[in-house]
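# Observations on the three-dimensional arrangement
One letter stands for each residue in the lines below.
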Amino acid sequence: MKKLKFPSAQTILLIIAGLVTLLTWVIPAGKYETLGYNSADNTFTKTGITETENLPATQQTLENLNIKIPLEKFTNGDIYKPINIPNTYHQLKAKPQGFFDFVKSPIKGVIEAADIIFLVLIIGGLIGIINSTGAFDAGIGWLANALKGREFILIIFVTILVAAGGTTFGFAEETIAFFPILIPVFLAARYDAIVGIACIFLGSTIGTMCSTVNPFSVIIASDAAGISWTTGIWGRFIMLLACLTISLIYIIRYGKRVQNDPTKSIVYDQQQQIAALFKHDKKKVNFNSRLRLALFVFALCFVIMIYGVVFLEWWFIEMTTTFLVGSIIIGVIAKINESDFIDTFIRGASDLLGVALIIGIARGVTVIMADGLISDTLLYYASSATEGMNKGVFASTMTAIYAGLSFFIPSSSGMAVLTMPIMSPLADSVGIGREIVVNAYQYGMGLFYMINPTGLILASLAVVKIGFDKWLKFIMPLFITLVVFTLIVMTISCYL
C-alpha cells in the first residue's frame, strides 16, 4: 500500500478555508457596534448595525458607551483603529459563504496581503543578487570556521537577537527575510534546517508572546483595556527570560543530537534536498574589497529596515523599497550587467513565490470569516464563557480562549482592538487586574502561534520545503512544556 503523504502548506490552508466556509453556515452571523476616533475634527464615529453617527470626543461619551478607556488614548494615536463597543452585539441575518466565495478567497487574500507578498518577493530578488556575487558563500565559509566547536553560540545569538526584536517592536513578518540567509549558516555549522527555523521563528514568537514595549501588541492592548502599558511589565520581562531559557535549552539539546548523529534529525530524509536548496560554493573565493562592500550593503539593508520600523514608523512599502534599492546598489558594485541582473533578480524572487502565495491563502481564511460575519459571534460567546469562574480558572481559560481566537484573528493589533474592550472588563468581575487579561491575550496568541497554520509557520516552513507534520514532531514537546508553564504562571499571578 502506498504511504500517505502529509499535505502541502497550500493544501492545508485550502482545507482550513473550506472548513471555515462551512462554519459560516453553522455559526450565527453577528456584529458589535464600533467606535473610531477622527483626528481631523476631534469627534468619534459610532458605527451601528444600520446607521452611523458622529459623537463629541469626550470622556463622558466613552463612559456613556461603557468604554473604560482614557480619552487621551484615542487623541494621542495610541488607539488608531475602531474598537468594539461592549454590550452592543447584535445577531444578524445569516450570510453563509458559498463555493464561489471559497474559491475567490485565496485571490482576495493575495490582494489584501499584497504588501507583505511584495516584500517577500523583493527579498527573494535581493538574495538572488547577493548569491550571484559569491560574497555570501565566502561569508558562510568564514563563519563556519570561526564557530567550529562553539556552534551553540550561533543558536543563542540568533534566538536572543530575534526575540529582542519581537519583544520591542513585534518582529514577525520581517523574519521571512532571514530564513534564506541564516539557514545555510546553520547547515554549515552541522545543524539541520529545523534548528535554523526554530531559532528564527521561535525567537520571534517568544519575543512577541512576552512583549514588553511592543506597540503592536502590549501597548495597544493595554490602551484598549484602559490601563498603562507599564502595568505588569516586569512580570512579562521575567516570563520572557524564562520562556527563552526553556526554548534555548530545547533547541541546543536537539541541535547537539543532530551534530553527533545526523540520522537523529527529523528532516534526515530531506538532507540532500535541503542541502541542494541552500548549497553554497565551498571553493576558495577571492573575498576582495568589492565583495566585502556588496556584503556590507546587503547587511546594511536589514539594519536600515529595523531602524526605519523602530524609529521612523516605516511599514511594508518602505521596507520593500529598501531591499529593492539595496539590490540595485549591489548589482552596480558587483558589475552585473543589466540583463543578467534582471534574470538573476527574477529567479531569486521566484524561489519565494510559493511562500508569498501561502501568505495570501492564509489571509483568505480571514476574508471568509469577515464576509461571513462570524468573527464577532465567536468573540461574543468566548466572552460569555468565563462567567462565574474563580480567579485561577479565569486566567487559564482566558489564555485558552485567546489561543483559539488567534486561529481566526492572527493579527496581534487586530485582536487587541477587537477584543480588549469586551474582554478586559471581565477581569473586574472576578477581582483581578486587567493586566491579567492583557497577559492572557499575549501568551494565548503566542503559544498557539507556534503551530497556528493561519499564522506564519507554514510560510516559514515553505522557504525550506519542510512539511508541517515534521515541524509538529519537533515542536510538540516544547509546546506542551511552555503551555503547562504558562498556565501555572497565569494561575499564580492572580493571587500575588
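Predicted model only: the values in this text are computed from it and were never measured.

Reading the values: the criteria
- Residues numbered from 1 in each chain as written.
- Predicted model: local features only at pLDDT ≥ 70, side-chain atom pairs only at ≥ 80, totals over all residues.
- Heavy atoms only, no water.
- Helix = DSSP H or I, 4+ residues; strand = E, 2+ residues; numbered from the N terminus.
- Expected span 1.5 Å × (residues − 1).
- Bend = angle between axes of the 7 residues up to and from the residue.
- Buried < 20%, exposed > 50% of the residue type's maximum accessible area, 1.4 Å probe, protein only.
- Pairing = 2+ DSSP bridges.
- Contact = heavy atoms within 4.5 Å.
- 1 Å grid on protein atoms, 1.4 Å probe; cavity = no way out; pocket = protein on both sides within 12 Å on 5 of 7 lines; lining within 4 Å.
- Points joined across faces, edges and corners; volume = space filled by probe spheres on them.
- Nonpolar A, V, L, I, M, F, W, Y, C, P; charged D, E, K, R; others polar.
- Axes fitted to C-alpha atoms, helices over the stretch in contact; angles between N-to-C directions.
- Parallel < 35°, antiparallel > 145°, perpendicular 65-115°, else oblique.
- Core = buried A, V, L, I, M, F, W, Y, C linked by side-chain atoms within 4.5 Å.
- Salt bridge = Lys/Arg side-chain N within 4 Å of Asp/Glu carboxyl O.
- Left-handed = near helix turned anticlockwise from the far one by under 90°.
- Phe/Tyr/Trp six-rings, centres within 6.5 Å; stacked < 30°, edge-to-face > 60°.

### Here's the deal with helix α19 (residues 412-430)
An ideal rise of 1.5 Å per residue puts 27 Å on 19 residues; α19 measures up with 25 Å between its terminal C-alpha atoms. Its axis deflected by about 60° at Met420, α19 carries its strongest bend there, up to four residues before the proline Pro421. Counting buried positions along α19 gives 14 out of 19 residues, so the element sits mostly inside the fold. Within two residues after α19, Gly431 carries a phi angle of roughly 80°, on the positive side.

### Topic: the pairing of strand β2 (residues 34-38)
Relative to strand β3 (residues 43-47), β2 runs antiparallel, the two being bridged by 5 bridges. Note that in β3 the partner of Tyr37 across the bridge is Phe44. Adjacent in sequence and paired antiparallel, β2 and β3 are bridged by 4 residues, among which Asn42 carries a positive phi angle near 55°. Bridge count for β2 against strand β5 (residues 83-84) is 2 bridges, and the pairing is antiparallel. If you follow Thr34 over to β5, its bridge partner there is Asn84.

### Some points on unusual backbone geometry
Trans is the common state for peptide bonds, and a negative phi is the common state for residues other than glycine. For Asn42, which is not a glycine, the phi torsion comes out positive at approximately 55°. With respect to the helices and strands, Asn42 occurs in the loop between β2 and β3. Residue Asn42 is classed as partly exposed on the basis of its relative accessible area, which comes to 39%. For Asn87, which is not a glycine, the phi torsion comes out positive at approximately 60°. In this structure, Asn87 sits in the loop between β5 and β6 (90-91). Among the residues examined, Asn87 registers a relative accessible area of 71% and is labelled exposed.

### Thoughts on the side chain of Ser396
Note that Ser396 resides in helix α18 (residues 391-408). With residues up to four places along the chain from it excluded, the contact list for Ser396 reads Leu487 and Thr491.

### Structural notes on helix α10 (residues 215-225)
In terms of burial, α10 is a largely internal element, 9 of the 11 residues being buried. For α10, the set of buried residues is Ser217, Val218, Ile219, Ile220, Ala221, Ser222, Asp223, Ala224 and Ala225. Turning to α10, the residues buried within the fold contact α3 (72-75), α9 (193-209), α11 (233-260), α19 and α20 (435-449). Gly226 lies just past α10 and shows a positive phi near 85°.

### Quick look at empty space enclosed by the protein
Tallying each qualifying case throughout the model produces 1 cavity of 30 Å³ or more. For the largest cavity, the calculated volume is near 30 Å³. Lining the largest cavity, in full, are Asn66, Ile67, Lys68, Ile69, Pro86, Ala224, Met420, Pro421, Ser424, Pro425 and Arg434. Here the residues of the lining of the largest cavity are counted per class, giving 7 nonpolar, 2 polar and 2 charged.

### Let's talk about the packing of helix α4 (residues 99-112) against helix α5 (residues 114-133)
Put simply, α4 and α5 touch, their axes get as near as 5 Å, and they point 75° apart. One way to sum up the angle between α4 and α5 is to call them roughly perpendicular. On α5, the residues that touch Val110, Ile111 and Glu112 of α4 are Ala114, Asp115 and Ile117. Across the contact of α4 with α5, the residue classes break down as 4 nonpolar, no polar and 2 charged.

### Points about the nonpolar core
In this structure, Met423 and Trp471 are the most contacted members of the largest nonpolar core, which totals 162 residues. Apart from the residues lying within four places of it in its own chain, the contact partners of Met423 are Leu379, Ala382, Ser383, Met398, Ile401, Tyr402, Leu405 and Val437.

### Quick notes on the pattern of salt bridges
Pairing between side chains of opposite charge can happen when the charged atoms of each approach one another. Per the counting criterion, the structure on display carries 5 salt bridges. Lys73 is paired through a salt bridge with Asp223; the nearest N and O atoms lie 3.0 Å apart. Placement of the pair is Lys73 in helix α3 and Asp223 in helix α10, with a sequence separation of 150 residues. A relative accessible area of 13% means that Lys73 is categorised as buried. Assessed through its relative accessible area of 0%, Asp223 is described here as buried. In this structure, Lys108 and Asp371 form a salt bridge, with 3.3 Å as the shortest nitrogen-oxygen distance. Linking Lys108 in helix α4 with Asp371 in helix α16 (residues 353-372), this pair joins segments that are 263 residues apart in sequence. On the accessibility criterion, Lys108 (32% relative accessible area) is partly exposed.

### Topic: the packing of α10 against α19
Where α10 contacts α19, the two axes come as close as 8 Å, and the packing angle between them is 25°. When the axis of α10 is compared with that of α19, the two are roughly parallel. As α10 runs across α19, the sense of the crossing is right-handed. Here Phe216, Ile220, Ala221, Ala224 and Ala225 of α10 lie close against α19, whose contacting residues are Ser412, Ser413, Ala416, Val417, Met420, Pro421 and Ser424. Residues that form the contact of α10 with α19 fall into these classes: 9 nonpolar, 3 polar and no charged.

### Quick notes on the packing of aromatic side chains
Within the structure shown, the criterion is met by 17 aromatic pairs. Seen from their ring centres, Phe99 and Phe102 are 6.5 Å apart, and the 50° between their planes marks the pair as tilted. One end of the pair is Phe99 and the other is Phe102, both in helix α4 and 3 residues apart, which spans about a single turn. Given the relative accessible area of 57%, Phe99 is considered exposed. Cluster of aromatic residues (ring-pair linked, three or more members): Phe201, Tyr250, Tyr254, Tyr449, Trp471 and Phe474.

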